[in-house]
Every structure is written in C-alpha cells, then in structure tokens.
Amino acid sequence: AQSVTQLGSHVSVSEGALVLLRCNYSSSVPPYLFWYVQYPNQGLQLLLKYTSAATLVKGINGFEAEFKKSETSFHLTKPSAHMSDAAEYFCAVSYYNQGGKLIFGQGTELSVKP
Amino acid sequence: DGGITQSPKYLFRKEGQNVTLSCEQNLNHDAMYWYRQDPGQGLRLIYYSQIVNDFQKGDIAEGYSVSREKKESFPLTVTSAQKNPTAFYLCASSRTGQGAAETQYFGPGTRLLVL
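Residues numbered from 1 in each chain as written. Chains lettered and ligands numbered in written order. Predicted model: local features only at pLDDT ≥ 70, side-chain atom pairs only at ≥ 80, totals over all residues. Heavy atoms only, no water.

Q: I would appreciate a short explanation of the overall build of chain B in the present structure.
A: Along the backbone of chain B there are zero helices and eleven strands. Along the chain direction, N to C, the helices and strands of chain B fall in the order β-β-β-β-β-β-β-β-β-β-β. Its C-alpha atoms give chain B a radius of gyration of 13 Å, within 12% of the compact-globule value 13 Å for 115 residues. Referenced to the eigenvectors of the C-alpha coordinate spread, the extents of chain B come out at roughly 40 × 30 × 30 Å. Looking at the 115 residues of chain B, the share that counts as buried comes to 50%. If you sum the accessible surface of chain B, you get close to 5,500 Å²; carbon and sulfur atoms cover 47% of it. For chain B, the distance from the average position of its 12 positive side-chain charges to the average position of its 11 negative side-chain charges is 6 Å. (Helix = DSSP H or I, 4+ residues; strand = E, 2+ residues; numbered from the N terminus. Rg over C-alpha atoms; globule rule 2.2 N^0.38 Å. Buried < 20%, exposed > 50% of the residue type's maximum accessible area, 1.4 Å probe, protein only. Areas by Shrake-Rupley, 256 points an atom, 1.4 Å probe, with all protein chains shown as cover. Lys, Arg positive; Asp, Glu negative; His and termini not counted. Charge placed at Lys NZ, Arg CZ, Asp CG, Glu CD.)

Q: Please explain the state of the cysteines as it appears in this structure.
A: Joining two cysteines, a disulfide is a covalent bond between their sulfur atoms. Residues and elements named next belong to chain A. Using the criterion set out here, one finds two disulfides over all chains in the structure. Residue pairing for Cys 23: its cysteine sulfur links by disulfide to Cys 91, the two sulfurs lying 1.9 Å apart. Judged by the sign of its S-S torsion, about -65°, the cystine formed by Cys 23 and Cys 91 is left-handed. Of this pair, Cys 23 sits in the loop between strand S3 (19–21) and strand S4 (24–26) while Cys 91 sits in strand S10 (residues 87–94); the two residues are 68 residues apart in sequence, bridging distant segments of the chain. Like Cys 23, the residue Cys 91 is buried in the burial classification. (Disulfide = S-S within 2.5 Å.)

Q: Would you explain the packing of aromatic side chains in this entry?
A: To describe a pair of aromatic rings, you give the distance between the ring centres and the angle between the ring planes. Counted by the stated rule, this structure contains 15 aromatic pairs over all chains. Judged by centre distance (6.2 Å) and plane angle (20°), the ring pair of Tyr 25 of chain A and Phe 67 of chain A falls under stacked. Within this pair, whereas Tyr 25 of chain A is found in strand S4, its partner Phe 67 of chain A is found in strand S8 (residues 64–68), the two being separated by 42 residues in sequence. In terms of burial, Tyr 25 of chain A and Phe 67 of chain A fall into one category: buried. Seen from their ring centres, Tyr 35 of chain B and Phe 106 of chain B are 5.7 Å apart, and the 35° between their planes marks the pair as tilted. In this pair, Tyr 35 of chain B sits in strand S4 (residues 31–37) while Phe 106 of chain B sits in strand S10 (residues 105–106), placing the two residues 71 residues apart along the sequence. Using a relative accessible area of 11% as the deciding quantity, one classes Phe 106 of chain B as buried. Positioned over the ring face of Phe 74 of chain B is Arg 68 of chain B, at 6.0 Å from the centre of the ring. (Phe/Tyr/Trp six-rings, centres within 6.5 Å; stacked < 30°, edge-to-face > 60°. Lys NZ or Arg CZ within 6 Å of the ring centre and 35° of its normal.)

Q: Where do I start with a nonpolar patch on the surface in this structure?
A: All names here are of chain B. Taken together, the side chains of Tyr 10, Phe 12 and Leu 115 present a nonpolar region at the surface, about 350 Å² in accessible area. Its location among the elements puts Phe 12 in strand S2 (residues 10–13). With a relative accessible area of 46%, Phe 12 lands in the partly exposed category. (Patch = residues over 30% accessible without salt bridge, like charges linked within 9 Å, V, L, I, M, F, W, Y side chains within 5 Å. Salt bridge = Lys/Arg side-chain N within 4 Å of Asp/Glu carboxyl O.)

Q: Looking at this structure, I do not really get the interface of chain B and chain A. What am I missing?
A: Each side of the interface is counted separately: chain B has 23 residues, and chain A has 23 residues. Buried surface at the junction of chain B and chain A, summed over both partners, amounts to about 1,700 Å²; 54% is from carbon and sulfur atoms. In this assembly, chain B and chain A are joined by zero salt bridges. Those elements giving two or more residues to the side of chain B that touches chain A turn out to be S4, strand S5 (43–51) and strand S9 (87–94) of chain B. Across the side of chain B that touches chain A, the residue classes tally to eleven nonpolar, ten polar and two charged. (Contact = heavy atoms within 4.5 Å. Buried area = accessible area lost by both parts, 1.4 Å probe. Nonpolar A, V, L, I, M, F, W, Y, C, P; charged D, E, K, R; others polar.)

Q: I tried to follow unusual backbone geometry on my own but got confused; where do I start?
A: For residues besides glycine, phi is generally negative; the peptide bonds are generally trans as well. At the junction of Ser 7 of chain B and Pro 8 of chain B, the peptide bond is cis and its omega measures out at -10° in the coordinates. Note on placement: Pro 8 of chain B falls in the loop between strand S1 (4–7) and S2. The backbone of Asn 41 of chain A sits at a positive phi, close to 60°, despite the residue not being glycine. By secondary structure assignment, the location of Asn 41 of chain A is in the loop between strand S5 (32–38) and strand S6 (44–50). Here Asn 41 of chain A falls in the partly exposed class, since its relative accessible area comes to 42%.

Q: I would appreciate a short explanation of the pairing of strand S6 (residues 54–57) of chain B in the present structure.
A: Every other side chain in a regular strand lies on the same face of the sheet, so the side chains alternate between the two faces. Residue and element names in this part refer to chain B. In terms of strand pairing, S5 meets S6 through three bridges, oriented antiparallel. Note that in S6 the partner of Ile 51 across the bridge is Asp 54. Between S5 and S6, which pair antiparallel one after the other, the connecting turn spans two residues, and Asn 53 there sits at a positive phi close to 65°. (Pairing = 2+ DSSP bridges.)

Pasting the structure below:
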C-alpha cells in the first residue's frame, strides 16, 4: 500500500540552527510530493511541491526540499530556524492515476527554542 | 479575497444528534475535499467531489454524509452513526481534482466536540 512516513513526531531546534524534517514514501512509482505547514488551530498552507521538474524545490519562508528517488525521500530543510517556524509540518503524496487525492504523513511538530 | 471559509469554528454535538459543517469556496474550483484530523494521525480523507452533483467516499466515510448541489459549497454532515466524532475537520479545494500535481487549498477548520 502507498504510504508516507515522517520520522519523528516532534523535533526541537534552537533559533538559528538547521531545520531538518524527514519524509519517506513507499511506492515503486515516484509520486508528486508536497509539504504543508499548519499553525495552531488553523488550516494547512502549502510550503512547496515536487512535480517531476527540478529535484531541489524551493518554497516559501526559506524552506526547501530535495527529491531523492534512490532513497524514496523528500526531506524538508531550512538553514536557520526562526521562532515563527514553530508549527506542525505535513508531508503528502499523490499519484498520477489517483487524480487529486492526497495521502498525508502523520505530521512533525517543530519547536524552536530561543 | 478568494479563499475557503468554514463555519462554525467550534461545534458541539449531543448524543444521537446529526450536525452539519459548512464549507464554501470562491476560488471557482471544481474539486472539494473533507478531511478529519486527529492528534498524531495526520489527515484522513472522508469524502471528495470532483464536480457538482457527484462525490466519492474517501478512506473513512462511515458515519458521514455530504452533498454537492453547488460548485462553491460542500457541506459535511456528521451523523449519529459516527461514534467518535471529536476531531478537527478541514475542508479543501483544488482547481480540477484530476491532476495529481494540483495544489489543494485549505480552509481554517471546524473543531467538533461531543457533549
């Protein structure tokens, strides 16, 4: 079955440190990949998405992610964390033969310490 | 401003009661979706609709019903058959619902609590 795994339900970093949130998918067919961010009691906002163009994708708020087919991964990074980055982050996938349906990972809550 | 609105922000349900969550979009999108969010479980698809007067069950449709009579509206009813309805419910829309690369845009959510 197709699935998405986010390693670590909670990640804590210091302000100014590197942010690394991990996402792996399980399928033999490369999917389209998305990262969304959710602030408390709000909806989700798209950070970035991979749609089979460049493997390094740049998104909003200084985030970027790299698609690595050999590792079935799409990890999210940001060089320097800011307090405003504290939120929950979701990785999601979709497949060409399933229309617009998204499959979400469990989410990773990012805390940023001053 | 274009976007998705959900109402109410908080909703309380009594035992045996049906409740309806509203979702409206003015983005002129064809496709709309309902998700349920529980802590530590990500988002799970309840129902989706790719066109007016048509909708399909998602992964957890039991105890829920929807209608799609207008392009801009996709209300979700949580019926008394849903035994554990306490959750955060999110509505989303996308341009066509046909392309796997399409972005889904989300509303602010409705938190449903059981009295």
